[in-house]
Amino acid sequence: MHALLVIDVQNDFCPGGALAVAGGNEIVQGINGIMPEFGAVILSQDWHPAGHSSFASSHDGASPYDLTQMPYGPQVLWPDHCIQGSGGAAFHDDLLEGRADLIVRKGFNPAIDSYSAFFENDHSTPTGLEGYLHTRGITQVTLVGLALDFCVNFSAVDAAKLGFDVTVRQDLCRAIDLDGSLDGALAGMTAAGVTLI
Ligand code: VGL
Ligand code: ZN
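Presented here is a report on the structure given in the accompanying data block. (Residues numbered from 1 in each chain as written. Chains lettered and ligands numbered in written order. Predicted model: local features only at pLDDT ≥ 70, side-chain atom pairs only at ≥ 80, totals over all residues. Heavy atoms only, no water.)

Description of the overall build of the protein
Regarding its fold elements, the protein presents four helices and eight strands. Tracing the protein from N to C terminus, the helices and strands come up as β-α-β-β-β-β-α-β-α-β-α-β. A globule of 197 residues ought to have a C-alpha radius of gyration of about 16 Å, and the protein, at 15 Å, matches this closely. Summarising its shape, the C-alpha atoms of the protein cover approximately 50 × 30 × 30 Å along the three principal directions. For the protein, buried positions account for 50% of its 197 residues. Residue pairs in contact within the protein that sit at least 24 positions apart in sequence constitute 72% of those at least 6 positions apart. Total accessible area computed for the protein in this model is approximately 8100 Å², and 52% of it derives from carbon and sulfur atoms. Of the charged side chains in the protein, 7 are positive and 23 negative; the average position of the first set lies 9 Å away from that of the second. (Helix = DSSP H or I, 4+ residues; strand = E, 2+ residues; numbered from the N terminus. Rg over C-alpha atoms; globule rule 2.2 N^0.38 Å. Buried < 20%, exposed > 50% of the residue type's maximum accessible area, 1.4 Å probe, protein only. Contact = heavy atoms within 4.5 Å. Areas by Shrake-Rupley, 256 points an atom, 1.4 Å probe, with all protein chains shown as cover. Lys, Arg positive; Asp, Glu negative; His and termini not counted. Charge placed at Lys NZ, Arg CZ, Asp CG, Glu CD.)

Encoded structure:
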C-alpha cells in the first residue's frame, strides 16, 4: 500500500505564522487534490510544549535562527512556534484533515526537537510511525508539506533508511532555506535514495 505523508501543514508555517515558510499556503489545495490517490493519508503535526528547548526564547542571549549544540548534536533555535493547543499549531483551515487516517504528533519532548515524523532529533527515539506503517502493510510513502529542507527532509531520509520506497513531491512542498539548507537537503535526500519529483 502507498501512503501520503503530509508534513506539518500548520498555521505557524504559513504566511502570518510564527515560523512562516514563504508560499506555505500555496500547497494546500494541491495536497487535498491528491489525497484520494493514496491508500492511506497520514498527517504530522509539530507539537511543542511552551518553553521547548528548540525555542531561542528558552536560551539566554540567543536569537531565532542561531545554531546551538544540544546533547544530541547541532540544533537551530527557532521562534516560539506550534505550541500545543494554540491556533498556530492547528492545521491550515483548508487542509482536509478529516481525510487523515492518523495524525502523528512530534516535538512534545521538552528536551529534544523532532524534525522527522519517525524519530526525534537524537535519531533514536521513535514516534511509532514506523510500526504503524508496517502493521498496515504500507511499503511506499509520498511526502509533501513544510518545510522541505527540515521536517520533510528528515522524514524522507528516515523513511528511506527504514526501507520504505520514498518519493517527495517538490511542487507540494515549500522550504525555509537557511544558509544553504535547501541544497543540502536535496543532496541528502538524493544520497539516501529518495525520489524527488
Ligand atoms: C519545522 C523547524 C522547527 C518543520 C518544525 O516543520 O520543518 N521546522 N520545527
Ligand atoms: Zn518545531
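Back to the write-up after that little detour.
A word on the nonpolar core
Counting residues in each nonpolar core, the largest one holds 57 residues, and the members touching the most others are Ile 31, Leu 95, Val 141, Leu 143, Val 166 and Val 168. Sorting the residues of this core by element identifies strand E1 (2-7), helix H1 (28-34), strand E2 (40-46), helix H2 (129-135), strand E6 (140-146), helix H3 (148-161), strand E7 (165-174) and helix H4 (181-191) as the ones contributing at least two each. Those residues in contact with Leu 95 that lie beyond four places of it in its chain are Val 6, Val 9, Val 28, Ile 31, Asn 32, Met 35 and Leu 43. (Core = buried A, V, L, I, M, F, W, Y, C linked by side-chain atoms within 4.5 Å.)

A word on the environment of Ala 191
Within the secondary structure, Ala 191 sits in helix H4. Along the backbone, Ala 191 and Met 1 are 190 residues apart, and their C-alpha atoms lie at a distance of 24 Å.

What to know about the pattern of salt bridges
Under the defined criterion, the tally for this structure stands at five salt bridges. Across the salt bridge formed by Lys 106 and Asp 8, the nearest N and O atoms sit 2.9 Å from each other. Taken together, the residues Lys 106 in strand E5 (residues 102-106) and Asp 8 in the loop between E1 and H1 connect sequence positions 98 residues apart. Comparing Lys 106 with Asp 8 shows no difference in burial state: the two are buried. (Salt bridge = Lys/Arg side-chain N within 4 Å of Asp/Glu carboxyl O.)

Observations concerning the coordination of the zinc ion (ligand 2)
For the zinc ion (ligand 2), the protein coordination sphere consists of Asp 46 (OD), His 48 (NE2) and His 81 (NE2), at 2.0 to 2.2 Å. If you look at the zinc ion (ligand 2), its four donor atoms make angles of 88 to 169° with each other, and the shape they trace is irregular. (Donors = N, O, S within 2.8 Å, 3.2 Å for Na, K, Ca; no water. Tetrahedral: all angles 85-135°; square planar, octahedral: opposite > 155°, others 65-115°.)

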